[in-house]
Amino acid sequence: MKIIITGSLGNISQPLTAILVKQGHTVTVVSSNPEKKTAIEKSGAIPAIGSISDVNFLTHTFKDADAVYAMIPLSFTEPDLGDYLRRMAQNYAQALKEAGTKQIVVMSGWAADLVKAENVEHLFDDLDASITIMRPGSFYTNFYQSIDLIKGRGLLGKFLTLRYSGLWSLLTGKMGLLMGNYGGDDRVVFVSPADIADAVAQELVLLTKGKTIRYVGSEEMTCNEAAKIIGTAIGKPWLKWVLLSDKEMLQGLKMAKLPEELAGALVEMQAAMHSGKTLENFHKSQPKMGKVKLADFAQEFAAVYHKK
Ligand SMILES: NC(=O)c1ccc[n+]([C@@H]2O[C@H](COP(=O)([O-])OP(=O)(O)OC[C@H]3O[C@@H](n4cnc5c(N)ncnc54)[C@H](OP(=O)(O)O)[C@@H]3O)[C@@H](O)[C@H]2O)c1
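For clarity, every value in this text was computed on a predicted model and none was experimentally measured.

1. Comments concerning the UniProt feature "domain: NAD(P)-binding" (unreviewed entry) in the protein chain
When the UniProt feature table is mapped onto this chain numbering, "domain: NAD(P)-binding" (unreviewed entry) sits at residues 7-122. Here residues 7-122 is 37% helix and 16% strand, with 21 Å between the C-alpha atoms at its ends.

2. Remarks on the site of the ligand
Lining the immediate surroundings of the ligand are 23 residues, of which Ser8, Ser31, Ser32, Ile72 and Asn142 lie closest. The side chain of Ser32 places a nitrogen or oxygen atom 2.6 Å from an oxygen atom of the ligand. One of the backbone N or O atoms of Ile52 is found 3.0 Å from a nitrogen atom in the ligand. The class makeup of the residues in the shell around the ligand is eight nonpolar, 14 polar and one charged.

3. Section: the layout of surface pockets
Considered as a void within the structure, the second largest pocket measures approximately 270 Å³ in volume. If you go around the second largest pocket, you meet 13 residues; those closest to its centre are Gln202, Arg214, Lys288, Met289 and Gly290. Of all elements in the fold, only α8 (193-205) and β10 (211-216) reach the threshold of two or more residues within the lining of the second largest pocket. A total of four residues in the lining of the second largest pocket trace back to one element, the largest contributor, which is α8. Split into classes, the residues belonging to the lining of the second largest pocket amount to five nonpolar, three polar and five charged. Residue-level mapping places the lining of the second largest pocket at the junction of two domains, with at least three residues from each of domain 1 (2-137 + 193-217) and domain 2 (140-188 + 220-307).

4. As for the environment of Asp113
Here Asp113 is to be found in the loop between β5 (103-107) and β6 (130-136). As a C-alpha pair, Asp113 and Ala272 span 159 residues in sequence and 10.0 Å in three-dimensional space. Looking at Asp113, its side chain comes within polar contact range of the side chain of Asn281, at 3.3 Å.

5. Details of the sheet that holds β6
The seven strands are arranged β3-β2-β1-β4-β5-β6-β10 in an open sheet whose pairing can be described as parallel. The two strands at the open ends of the sheet, each matched to only one other strand, are β3 (46-49) and β10. Strand-to-strand twist of the sheet, defined as the mean angle between neighbouring strand axes without regard to direction, takes the value 20 degrees. Inspection of the sheet shows β6 paired to β10 by six bridges, in the parallel sense. When the bridges of β10 are listed, Ile131 appears paired with Lys211.

6. Some remarks on helix α6 (residues 154-165)
Between the first and last C-alpha of α6 there are 16 Å, a value that for twelve residues agrees with the 16 Å anticipated at 1.5 Å per step. Next to the buried residues of α6 lie α5 (147-150), α7 (167-172), β8 (178-180), β12 (241-243) and α10 (246-255). Following α6 by one or two positions, Gly166 adopts a phi angle in the positive range, close to 90 degrees.

7. Digging into the domain arrangement of the protein chain
When the domains of the protein chain are assigned, the result is domain 1 (2-137 + 193-217) and domain 2 (140-188 + 220-307). On a C-alpha basis, the centres of domain 1 and domain 2 stand 27 Å from each other. Taken together, both faces of the contact between domain 1 and domain 2 bury some 2,000 Å²; the carbon and sulfur share is 69%. Here domain 1 and domain 2 share one salt bridge between them. Linking Lys291 and Asp198 is a salt bridge whose minimum nitrogen-to-oxygen distance equals 3.1 Å. Where domain 1 touches domain 2, the interface holds seven residue pairs in polar contact (both at pLDDT 80 or more). Counting residues per element, the side of domain 1 that touches domain 2 draws most heavily on α8, at four residues. When grouped by side-chain class, the residues that make up the side of domain 1 that touches domain 2 number twelve nonpolar, three polar and seven charged.

8. Points about the packing of aromatic side chains
A full pass over the atoms with the stated rule returns 13 aromatic pairs. A cation over an aromatic ring shows up here: Lys151 above the ring of Tyr305, its NZ or CZ 4.4 Å from the ring centre.

9. Some words on the pairing of strand β1 (residues 2-5)
Bridge count for β1 against strand β2 (residues 26-31) is four bridges, and the pairing is parallel. Following the sheet pairing, Ile3 is matched in β2 by Val27. Once the chain exits β1 it traverses helix α1 (residues 13-22) before rejoining the sheet at β2, and the crossover so formed is right-handed. Summarising the sheet, β1 and strand β4 (residues 67-70) pair through three bridges and their orientation is parallel. Bridge pairing in β4 links Ile3 to Ala67.

10. Some words on the side chain of Thr141
One can find Thr141 in the loop between β7 (138-139) and α5. Each residue touching Thr141, except ones within four places of it in the same chain, is listed here: Asn11, Pro193 and Phe297.

11. Side note on the nonpolar core
By size, the foremost hydrophobic cluster in this structure holds 48 residues, and its most contacted members are Phe62, Ile72, Tyr92, Leu96, Phe124 and Ile131. Put simply, the parts of the chain that give this core at least two residues each are α3 (55-62), β4, α4 (81-99), β5, β6, α6, α10 and α11 (260-274). If you tally residues by element for this core, the top one is α4, at nine residues. Residue-level mapping places this core at the junction of two domains, with at least three residues from each of domain 1 (2-137 + 193-217) and domain 2 (140-188 + 220-307). Dropping the residues within four chain positions of it, Phe62 is found in contact with Ile4, Val68, Tyr92, Ala95, Leu96, Ala99 and Thr101.

Rules used in this analysis
- Residues numbered from 1 in each chain as written.
- Predicted model: local features only at pLDDT ≥ 70, side-chain atom pairs only at ≥ 80, totals over all residues.
- Heavy atoms only, no water.
- UniProt positions renumbered as here; feature names shortened; annotations may be inferred.
- Helix = DSSP H or I, 4+ residues; strand = E, 2+ residues; numbered from the N terminus.
- Near = heavy atom within 4 Å.
- Polar contact = N/O pair within 3.5 Å; in protein donor to acceptor, adjacent residues only side chain to side chain.
- Nonpolar A, V, L, I, M, F, W, Y, C, P; charged D, E, K, R; others polar.
- 1 Å grid on protein atoms, 1.4 Å probe; cavity = no way out; pocket = protein on both sides within 12 Å on 5 of 7 lines; lining within 4 Å.
- Points joined across faces, edges and corners; volume = space filled by probe spheres on them.
- Domains from an automatic or database assignment.
- Pairing = 2+ DSSP bridges.
- Axes fitted to C-alpha atoms, helices over the stretch in contact; angles between N-to-C directions.
- Expected span 1.5 Å × (residues − 1).
- Contact = heavy atoms within 4.5 Å.
- Buried area = accessible area lost by both parts, 1.4 Å probe.
- Salt bridge = Lys/Arg side-chain N within 4 Å of Asp/Glu carboxyl O.
- Phe/Tyr/Trp six-rings, centres within 6.5 Å; stacked < 30°, edge-to-face > 60°.
- Lys NZ or Arg CZ within 6 Å of the ring centre and 35° of its normal.
- Right-handed = clockwise from strand over helix to strand, strands pointing away.
- Core = buried A, V, L, I, M, F, W, Y, C linked by side-chain atoms within 4.5 Å.
- Buried < 20%, exposed > 50% of the residue type's maximum accessible area, 1.4 Å probe, protein only.

Here it is as structure tokens:
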């Protein structure tokens, strides 16, 4: 099959490309960065350099494809997340329609139907094609964004550790934590991008009919259990995951200079996880869990953590 993968050689698209190339498909990988051309060719795929904000580029790239994986990269520079996601989803829908693509896999998220800004899945409803909407849980790779916090690095890291873990952390040298407006003993489904790639690959080559929603997860546990696994792998078995209120989280994101709309959407997303509604929806769909457990990822994480 001729398959188009968006998302460059990112967390999901890299293993996804490897699977599809190995299966003998002709794979084209979309990247916005001309410097990725060589790496894409080395992976056995054909590079298509351009932006998903360019409908003509997408239409041209999707022409004659048997299947397309459409993802919208999260942008921390777009001031209004909802507006950005809507525009990109409309671009995809228009290009897929004009190109006449019949097999489509759209990357969404497990909170998509609960968070106003994220709810763009319906924009693909009018396409005359088989569509699978992927709703994965929280990526293992998100832990990479917390490395400085876990290291209790800099004044901010020390201040936050002192504030939320108390003076004993400074006295014992046990600095560092994870935090968010979901956390503590909230139960969450974590997921490996490699397991998502497996699921996306299955959906791309499966000739289904109509619209399907597929939840994807690798392991369910509390946030503090996750912190213990990550902490143990990096020699900080006391690591805990502090649960902030929505208000505290919003203040933190504003201090980090995130645009107000974007900060609000991120808080809403995490609040949906804290409320347990995302988990409830996940359980209702009863998906089979993937193969990669958090303890496996924790080893990869530890290697990156110690290098930083
Ligand atoms: N993190 C989570 O917990 C979570 C949970 C549920 C759903 N999701 C969803 O999963 C997706 C993220 O997947 P991922 O982690 O595999 O992505 P990723 O690793 O962040 O990779 C996305 C790649 O897209 C490329 N890109 C950025 N802007 C572009 C543009 N304008 N045009 C074309 N390409 C562009 C970039 O590569 P180049 O520089 O090469 O262009 C980027 O590396 C998002 O849709 C997110 O909403 C995430």
